[in-house]
Amino acid sequence: MKYTILPHTNIKVSKICLGTMTWGRQNSEVDGHEQLDYAFDQGINFMDTAELYPVPATPETQGRTSEIIGTWLKKTGYRDKVVLASKIVGRTSDYVAHIRKTGFSPKSIQEAIDKELKRLQTDYIDLYQLHWPERLTNTFGKLGYVHDPTDEWQDNFNDVLHSLEKHIKAGKIRHVGLSNEKAWGVMRYLEEHKSHNLPRMITIQNAYSLLNRTFEGDLAEVAIRENVGLLAYSTLAFGMLTGKYTDGTATPYSRLNQFPQLKRYSGERTRRATERYVKLAKDYRLSPAKMALAFVNQQPFLTCNIIGATSLEQLKENIDSIHINLSDELKAQINAIHDSIPNPAP
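Residues numbered from 1 in each chain as written. Predicted model: local features only at pLDDT ≥ 70, side-chain atom pairs only at ≥ 80, totals over all residues. Heavy atoms only, no water.

Engineer: What exactly am I supposed to notice about helix H2 (residues 64-76) here?
Structural biologist: Owing to its 3.6 residues per turn, the α-helix brings residues three or four apart onto one side. Spanning 13 residues, H2 covers 19 Å between terminal C-alpha atoms, matching the ideal 18 Å at 1.5 Å per step. Every buried residue of H2 is listed here: Thr-65, Ser-66, Ile-68, Ile-69, Gly-70, Trp-72 and Leu-73. Packed against the buried residues of H2 are helix H1 (29-41), strand E5 (83-88) and helix H3 (106-120). Downstream of H2 by a residue or two, Gly-77 has a phi angle that is positive, lying close to 70°. (Helix = DSSP H or I, 4+ residues; strand = E, 2+ residues; numbered from the N terminus. Expected span 1.5 Å × (residues − 1). Buried < 20%, exposed > 50% of the residue type's maximum accessible area, 1.4 Å probe, protein only. Contact = heavy atoms within 4.5 Å.)

Now the structure itself:
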(Lines give C-alpha, C1' and ligand atoms only; values in the text may rest on other atoms or scores of the structure.)
Protein backbone atom coordinates (compact mmCIF):
# COMPACT_ATOMS: atom_id res chain seq x y z
CA MET A 1 0.00 0.00 0.00
CA LYS A 2 1.02 3.60 -0.55
CA TYR A 3 0.32 6.28 2.04
CA THR A 4 -0.16 10.01 2.18
CA ILE A 5 -0.91 12.63 4.83
CA LEU A 6 -4.25 14.35 5.25
CA PRO A 7 -3.44 17.99 4.42
CA HIS A 8 -2.56 20.25 7.36
CA THR A 9 -2.43 17.28 9.76
CA ASN A 10 -0.04 14.55 10.81
CA ILE A 11 -2.59 11.82 10.03
CA LYS A 12 -1.16 9.11 7.77
CA VAL A 13 -3.76 7.50 5.51
CA SER A 14 -3.68 4.86 2.80
CA LYS A 15 -3.92 6.32 -0.68
CA ILE A 16 -6.74 3.86 -1.28
CA CYS A 17 -9.71 4.66 0.96
CA LEU A 18 -12.42 2.05 1.45
CA GLY A 19 -15.81 3.32 0.31
CA THR A 20 -18.85 1.77 1.95
CA MET A 21 -22.05 3.19 0.48
CA THR A 22 -23.46 -0.17 -0.70
CA TRP A 23 -23.31 -1.76 2.75
CA GLY A 24 -26.73 -2.22 4.26
CA ARG A 25 -28.48 -2.45 0.92
CA GLN A 26 -26.50 -4.30 -1.74
CA ASN A 27 -24.14 -5.75 0.87
CA SER A 28 -24.90 -7.37 4.21
CA GLU A 29 -23.10 -6.86 7.51
CA VAL A 30 -21.17 -10.08 6.84
CA ASP A 31 -20.07 -8.71 3.45
CA GLY A 32 -19.03 -5.41 4.98
CA HIS A 33 -16.97 -7.07 7.69
CA GLU A 34 -15.32 -9.33 5.11
CA GLN A 35 -14.36 -6.31 3.00
CA LEU A 36 -13.06 -4.43 6.04
CA ASP A 37 -10.96 -7.41 7.12
CA TYR A 38 -9.43 -7.83 3.67
CA ALA A 39 -8.81 -4.11 3.14
CA PHE A 40 -7.20 -3.75 6.56
CA ASP A 41 -4.94 -6.74 5.84
CA GLN A 42 -3.87 -5.02 2.60
CA GLY A 43 -2.78 -1.92 4.52
CA ILE A 44 -5.90 0.22 4.06
CA ASN A 45 -6.47 2.26 7.20
CA PHE A 46 -8.92 4.88 5.85
CA MET A 47 -12.70 4.28 5.65
CA ASP A 48 -15.39 6.68 4.42
CA THR A 49 -19.09 6.64 5.25
CA ALA A 50 -21.99 9.09 5.67
CA GLU A 51 -25.17 9.42 7.69
CA LEU A 52 -27.06 9.14 4.39
CA TYR A 53 -25.67 5.73 3.42
CA PRO A 54 -26.45 3.28 1.92
CA VAL A 55 -27.23 4.73 -1.52
CA PRO A 56 -29.85 4.95 -2.96
CA ALA A 57 -31.08 6.46 0.27
CA THR A 58 -34.31 5.37 1.95
CA PRO A 59 -35.79 5.98 5.40
CA GLU A 60 -35.66 2.24 6.08
CA THR A 61 -31.93 1.82 5.40
CA GLN A 62 -30.54 5.20 6.50
CA GLY A 63 -27.51 4.81 8.78
CA ARG A 64 -27.03 1.08 8.24
CA THR A 65 -23.65 1.52 6.57
CA SER A 66 -22.13 3.24 9.58
CA GLU A 67 -23.72 0.67 11.89
CA ILE A 68 -21.88 -2.08 9.99
CA ILE A 69 -18.58 -0.25 10.46
CA GLY A 70 -19.44 0.21 14.12
CA THR A 71 -19.99 -3.49 14.77
CA TRP A 72 -16.69 -4.25 13.01
CA LEU A 73 -14.84 -1.74 15.17
CA LYS A 74 -16.38 -3.22 18.30
CA LYS A 75 -15.53 -6.77 17.21
CA THR A 76 -11.93 -6.06 16.22
CA GLY A 77 -10.95 -3.30 18.63
CA TYR A 78 -9.23 -1.52 15.73
CA ARG A 79 -10.54 2.00 16.34
CA ASP A 80 -7.08 3.39 17.10
CA LYS A 81 -5.67 1.72 13.97
CA VAL A 82 -8.03 3.30 11.41
CA VAL A 83 -9.02 6.75 10.21
CA LEU A 84 -12.78 7.32 9.91
CA ALA A 85 -14.47 9.87 7.66
CA SER A 86 -18.17 10.64 7.65
CA LYS A 87 -20.57 13.32 6.39
CA ILE A 88 -23.66 15.34 7.24
CA VAL A 89 -26.30 15.77 4.53
CA GLY A 90 -26.64 19.21 3.04
CA ARG A 91 -29.64 21.32 2.21
CA THR A 92 -32.89 19.44 2.39
CA SER A 93 -34.60 17.98 -0.65
CA ASP A 94 -37.18 15.26 -1.08
CA TYR A 95 -34.28 12.81 -1.35
CA VAL A 96 -33.02 13.46 2.20
CA ALA A 97 -36.09 14.91 3.89
CA HIS A 98 -36.37 11.71 5.94
CA ILE A 99 -33.13 12.65 7.73
CA ARG A 100 -33.81 16.32 8.53
CA LYS A 101 -34.87 19.61 6.94
CA THR A 102 -32.69 22.11 8.79
CA GLY A 103 -29.47 22.16 6.75
CA PHE A 104 -26.23 23.01 8.55
CA SER A 105 -27.83 24.69 11.55
CA PRO A 106 -26.05 24.25 14.90
CA LYS A 107 -28.79 21.84 16.01
CA SER A 108 -28.46 19.81 12.79
CA ILE A 109 -24.71 19.49 13.12
CA GLN A 110 -24.93 18.44 16.77
CA GLU A 111 -27.68 15.90 16.04
CA ALA A 112 -25.85 14.47 13.02
CA ILE A 113 -22.54 14.06 14.86
CA ASP A 114 -24.06 12.52 17.97
CA LYS A 115 -26.13 9.99 16.02
CA GLU A 116 -23.20 9.07 13.79
CA LEU A 117 -20.91 8.52 16.77
CA LYS A 118 -23.48 6.13 18.20
CA ARG A 119 -23.79 4.22 14.91
CA LEU A 120 -20.02 3.97 14.55
CA GLN A 121 -19.60 2.99 18.22
CA THR A 122 -16.79 5.49 18.68
CA ASP A 123 -16.10 8.69 20.60
CA TYR A 124 -14.69 10.67 17.68
CA ILE A 125 -14.66 11.00 13.89
CA ASP A 126 -11.32 11.85 12.27
CA LEU A 127 -12.70 13.75 9.26
CA TYR A 128 -16.20 15.21 9.22
CA GLN A 129 -17.46 16.47 5.86
CA LEU A 130 -20.35 18.61 4.61
CA HIS A 131 -21.94 16.28 2.06
CA TRP A 132 -22.99 19.02 -0.40
CA PRO A 133 -23.66 22.76 -0.32
CA GLU A 134 -26.79 24.23 1.19
CA ARG A 135 -26.98 26.91 -1.50
CA LEU A 136 -28.39 26.14 -4.93
CA THR A 137 -25.56 25.50 -7.38
CA ASN A 138 -24.77 23.18 -10.26
CA THR A 139 -24.46 19.64 -8.98
CA PHE A 140 -24.80 16.22 -10.59
CA GLY A 141 -25.20 16.27 -14.34
CA LYS A 142 -24.78 20.04 -14.72
CA LEU A 143 -21.58 21.50 -16.12
CA GLY A 144 -22.41 25.20 -15.99
CA TYR A 145 -23.64 27.41 -13.17
CA VAL A 146 -26.98 29.15 -13.71
CA HIS A 147 -27.92 31.46 -10.90
CA ASP A 148 -31.33 30.93 -9.28
CA PRO A 149 -32.61 34.24 -7.89
CA THR A 150 -35.26 32.40 -5.86
CA ASP A 151 -32.64 30.71 -3.70
CA GLU A 152 -33.38 31.71 -0.08
CA TRP A 153 -29.99 30.61 1.24
CA GLN A 154 -28.05 33.23 3.23
CA ASP A 155 -24.27 33.25 3.58
CA ASN A 156 -23.57 31.19 6.70
CA PHE A 157 -20.00 29.95 6.15
CA ASN A 158 -18.81 31.63 9.35
CA ASP A 159 -21.67 30.20 11.40
CA VAL A 160 -21.09 26.67 10.08
CA LEU A 161 -17.39 26.79 10.96
CA HIS A 162 -18.18 28.07 14.44
CA SER A 163 -20.56 25.13 14.95
CA LEU A 164 -17.96 22.65 13.73
CA GLU A 165 -15.30 24.27 15.93
CA LYS A 166 -17.46 23.59 18.99
CA HIS A 167 -17.41 19.87 18.26
CA ILE A 168 -13.68 19.87 17.49
CA LYS A 169 -13.02 21.42 20.88
CA ALA A 170 -15.30 18.82 22.48
CA GLY A 171 -13.22 16.07 20.87
CA LYS A 172 -16.08 14.62 18.83
CA ILE A 173 -14.48 15.42 15.46
CA ARG A 174 -10.82 16.07 14.65
CA HIS A 175 -10.85 17.77 11.24
CA VAL A 176 -13.37 19.00 8.68
CA GLY A 177 -13.79 18.77 4.93
CA LEU A 178 -16.20 19.31 2.06
CA SER A 179 -17.97 17.15 -0.50
CA ASN A 180 -19.59 17.94 -3.85
CA GLU A 181 -18.43 21.53 -3.43
CA LYS A 182 -17.41 24.15 -5.99
CA ALA A 183 -14.39 26.46 -6.12
CA TRP A 184 -16.32 29.45 -4.78
CA GLY A 185 -17.55 27.51 -1.76
CA VAL A 186 -14.10 26.14 -0.95
CA MET A 187 -12.55 29.61 -1.12
CA ARG A 188 -15.28 31.13 1.05
CA TYR A 189 -14.65 28.54 3.76
CA LEU A 190 -10.91 29.18 3.52
CA GLU A 191 -11.51 32.94 3.70
CA GLU A 192 -13.43 32.53 6.96
CA HIS A 193 -10.70 30.23 8.29
CA LYS A 194 -7.95 32.73 7.53
CA SER A 195 -9.83 35.84 8.66
CA HIS A 196 -11.31 34.49 11.87
CA ASN A 197 -8.99 31.65 12.93
CA LEU A 198 -11.73 29.09 12.40
CA PRO A 199 -11.28 25.42 11.41
CA ARG A 200 -9.74 24.83 7.99
CA MET A 201 -11.42 22.66 5.39
CA ILE A 202 -8.61 20.19 4.62
CA THR A 203 -10.21 17.94 1.99
CA ILE A 204 -12.84 17.90 -0.71
CA GLN A 205 -14.66 14.71 -1.68
CA ASN A 206 -15.86 15.06 -5.26
CA ALA A 207 -16.53 12.73 -8.16
CA TYR A 208 -13.51 12.21 -10.41
CA SER A 209 -12.94 9.60 -13.09
CA LEU A 210 -12.07 9.12 -16.76
CA LEU A 211 -15.71 10.01 -17.48
CA ASN A 212 -15.83 13.06 -15.23
CA ARG A 213 -12.72 15.21 -15.07
CA THR A 214 -14.48 18.47 -14.24
CA PHE A 215 -12.36 18.74 -11.07
CA GLU A 216 -9.41 19.57 -13.31
CA GLY A 217 -10.76 23.09 -13.79
CA ASP A 218 -10.73 25.71 -11.05
CA LEU A 219 -10.93 23.14 -8.27
CA ALA A 220 -7.62 21.52 -9.22
CA GLU A 221 -5.87 24.88 -8.84
CA VAL A 222 -7.57 25.49 -5.50
CA ALA A 223 -6.63 22.00 -4.32
CA ILE A 224 -2.95 22.42 -5.18
CA ARG A 225 -2.41 26.06 -4.20
CA GLU A 226 -4.44 25.84 -0.97
CA ASN A 227 -3.50 22.22 -0.16
CA VAL A 228 -7.07 20.96 -0.02
CA GLY A 229 -6.74 17.27 -0.88
CA LEU A 230 -9.15 15.53 -3.23
CA LEU A 231 -10.83 12.41 -1.91
CA ALA A 232 -12.03 11.13 -5.28
CA TYR A 233 -15.22 9.10 -5.40
CA SER A 234 -17.08 7.27 -8.21
CA THR A 235 -13.67 6.63 -9.74
CA LEU A 236 -15.13 3.66 -11.65
CA ALA A 237 -18.34 5.56 -12.46
CA PHE A 238 -20.64 3.09 -10.67
CA GLY A 239 -18.80 0.25 -12.40
CA MET A 240 -19.22 1.62 -15.92
CA LEU A 241 -15.45 1.83 -16.42
CA THR A 242 -15.02 -1.88 -15.75
CA GLY A 243 -16.61 -2.44 -19.16
CA LYS A 244 -19.31 -4.78 -17.85
CA TYR A 245 -22.17 -2.57 -19.01
CA THR A 246 -20.80 -2.16 -22.53
CA ASP A 247 -19.74 -5.78 -23.09
CA GLY A 248 -22.93 -7.32 -21.70
CA THR A 249 -21.41 -9.06 -18.68
CA ALA A 250 -23.22 -6.98 -16.04
CA THR A 251 -25.69 -9.00 -14.00
CA PRO A 252 -29.23 -7.92 -13.04
CA TYR A 253 -27.74 -7.17 -9.60
CA SER A 254 -25.08 -4.80 -10.95
CA ARG A 255 -25.58 -1.29 -9.62
CA LEU A 256 -26.87 0.51 -12.72
CA ASN A 257 -29.19 -2.39 -13.56
CA GLN A 258 -30.53 -2.70 -10.04
CA PHE A 259 -31.04 1.05 -9.61
CA PRO A 260 -31.96 2.55 -13.02
CA GLN A 261 -32.69 5.90 -11.34
CA LEU A 262 -28.91 6.37 -11.02
CA LYS A 263 -28.66 7.76 -14.55
CA ARG A 264 -25.52 9.86 -14.13
CA TYR A 265 -23.31 7.29 -15.88
CA SER A 266 -25.76 5.84 -18.39
CA GLY A 267 -25.80 8.28 -21.33
CA GLU A 268 -24.86 7.46 -24.90
CA ARG A 269 -21.72 9.64 -24.87
CA THR A 270 -20.68 7.84 -21.68
CA ARG A 271 -21.05 4.46 -23.37
CA ARG A 272 -19.02 5.56 -26.39
CA ALA A 273 -16.22 6.94 -24.24
CA THR A 274 -16.24 3.83 -22.04
CA GLU A 275 -15.89 1.52 -25.05
CA ARG A 276 -12.79 3.42 -26.13
CA TYR A 277 -11.24 3.39 -22.65
CA VAL A 278 -11.91 -0.34 -22.28
CA LYS A 279 -10.31 -1.09 -25.65
CA LEU A 280 -7.29 1.04 -24.74
CA ALA A 281 -6.81 -0.81 -21.46
CA LYS A 282 -6.94 -4.15 -23.21
CA ASP A 283 -4.44 -2.93 -25.83
CA TYR A 284 -2.02 -2.37 -22.94
CA ARG A 285 -2.93 -5.70 -21.31
CA LEU A 286 -4.52 -4.00 -18.33
CA SER A 287 -7.92 -4.61 -16.84
CA PRO A 288 -10.17 -1.61 -17.57
CA ALA A 289 -10.81 -1.15 -13.85
CA LYS A 290 -7.13 -1.05 -12.94
CA MET A 291 -6.34 1.43 -15.70
CA ALA A 292 -9.19 3.73 -14.66
CA LEU A 293 -8.19 3.63 -10.99
CA ALA A 294 -4.46 4.00 -11.70
CA PHE A 295 -5.26 7.14 -13.70
CA VAL A 296 -6.90 8.64 -10.61
CA ASN A 297 -4.12 7.47 -8.28
CA GLN A 298 -1.49 9.39 -10.25
CA GLN A 299 -3.14 12.83 -10.17
CA PRO A 300 -1.12 15.54 -8.40
CA PHE A 301 -4.16 16.96 -6.56
CA LEU A 302 -5.24 13.57 -5.18
CA THR A 303 -5.04 12.67 -1.50
CA CYS A 304 -7.03 9.42 -1.64
CA ASN A 305 -8.95 7.31 -4.13
CA ILE A 306 -12.19 6.07 -2.56
CA ILE A 307 -12.93 2.64 -3.98
CA GLY A 308 -16.09 0.64 -3.46
CA ALA A 309 -17.06 -2.90 -4.34
CA THR A 310 -20.02 -5.22 -3.96
CA SER A 311 -17.86 -8.36 -4.01
CA LEU A 312 -14.53 -9.36 -2.54
CA GLU A 313 -13.26 -10.19 -6.02
CA GLN A 314 -13.96 -6.62 -7.17
CA LEU A 315 -12.33 -5.24 -4.04
CA LYS A 316 -9.13 -7.20 -4.63
CA GLU A 317 -8.84 -5.93 -8.21
CA ASN A 318 -9.51 -2.34 -7.17
CA ILE A 319 -6.91 -2.38 -4.41
CA ASP A 320 -4.34 -3.87 -6.77
CA SER A 321 -4.56 -0.68 -8.88
CA ILE A 322 -2.21 0.98 -6.38
CA HIS A 323 0.64 -1.03 -7.93
CA ILE A 324 -0.02 0.15 -11.53
CA ASN A 325 1.96 3.04 -13.03
CA LEU A 326 0.62 4.35 -16.32
CA SER A 327 3.21 5.29 -18.91
CA ASP A 328 3.33 8.74 -20.50
CA GLU A 329 2.34 7.13 -23.79
CA LEU A 330 -0.76 5.55 -22.28
CA LYS A 331 -1.72 8.75 -20.50
CA ALA A 332 -1.44 10.63 -23.79
CA GLN A 333 -3.88 8.20 -25.39
CA ILE A 334 -6.25 8.54 -22.45
CA ASN A 335 -6.14 12.32 -22.91
CA ALA A 336 -6.85 11.95 -26.62
CA ILE A 337 -10.07 10.10 -25.83
CA HIS A 338 -10.97 12.73 -23.25
CA ASP A 339 -10.37 15.51 -25.77
CA SER A 340 -12.74 13.88 -28.27
CA ILE A 341 -15.47 13.04 -25.70
CA PRO A 342 -14.87 15.37 -22.74
CA ASN A 343 -16.68 14.80 -19.44
CA PRO A 344 -19.63 12.74 -20.72
CA ALA A 345 -20.82 12.10 -17.13
CA PRO A 346 -20.41 15.31 -15.09
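Engineer: Got a minute to help me understand the packing of H1 against helix H10 (residues 312-320) in this structure?
Structural biologist: Two measures define how a pair of helices packs: the angle their axes make with one another and the distance between the axes. As a packed pair, H1 and H10 sit with axes 10 Å apart at the nearest point and diverge in direction by 25°. By the criterion of interaxial angle, the relationship of H1 to H10 is roughly parallel. At the point where H1 passes H10, the crossing takes the right-handed sense. Each of Glu-34, Gln-35, Tyr-38 and Ala-39 in H1 lies in contact with H10, whose residues at this interface are Leu-312, Leu-315, Lys-316 and Ile-319. (Axes fitted to C-alpha atoms, helices over the stretch in contact; angles between N-to-C directions. Parallel < 35°, antiparallel > 145°, perpendicular 65-115°, else oblique. Left-handed = near helix turned anticlockwise from the far one by under 90°.)

Engineer: Where do I start with the sheet that holds strand E10 (residues 302-307) in this structure?
Structural biologist: Consider a sheet: its strands pair through backbone hydrogen bonds, and that pairing is either parallel or antiparallel. Spatially, the 8 strands close up into a barrel ordered E3-E4-E5-E6-E7-E8-E9-E10, and their pairing is parallel. Strand-to-strand twist of the sheet, defined as the mean angle between neighbouring strand axes without regard to direction, takes the value 30°. Pairing analysis gives 2 bridges linking strand E3 (residues 16-19) to strand E4 (residues 46-48), with the strands arranged parallel. From the neighbouring strand, Leu-18 faces E4, where its bridge partner is Met-47. (Pairing = 2+ DSSP bridges.)

Engineer: How do you make sense of the packing of aromatic side chains when you look at a structure like this?
Structural biologist: Considering all chains together, one arrives at 11 aromatic pairs under this definition. An angle of 20° between the planes, with centres 4.4 Å apart, marks the rings of Phe-40 and Tyr-78 as stacked. Of this pair, Phe-40 sits in helix H1 while Tyr-78 sits in the loop between H2 and E5, and the two are 38 residues apart along the sequence. Here Trp-153 and Trp-184 contribute two aromatic rings whose centre-to-centre distance is 6.4 Å and whose plane-to-plane angle is 85°, an arrangement assigned as edge-to-face. Of the two residues, Trp-153 is situated in the loop between strand E6 (125-130) and helix H4 (157-169) and Trp-184 in helix H5 (residues 183-196); the sequence distance between them amounts to 31 residues. Trp-184 gets classed as partly exposed once you look at its relative accessible area, which sits at 46%. (Phe/Tyr/Trp six-rings, centres within 6.5 Å; stacked < 30°, edge-to-face > 60°.)

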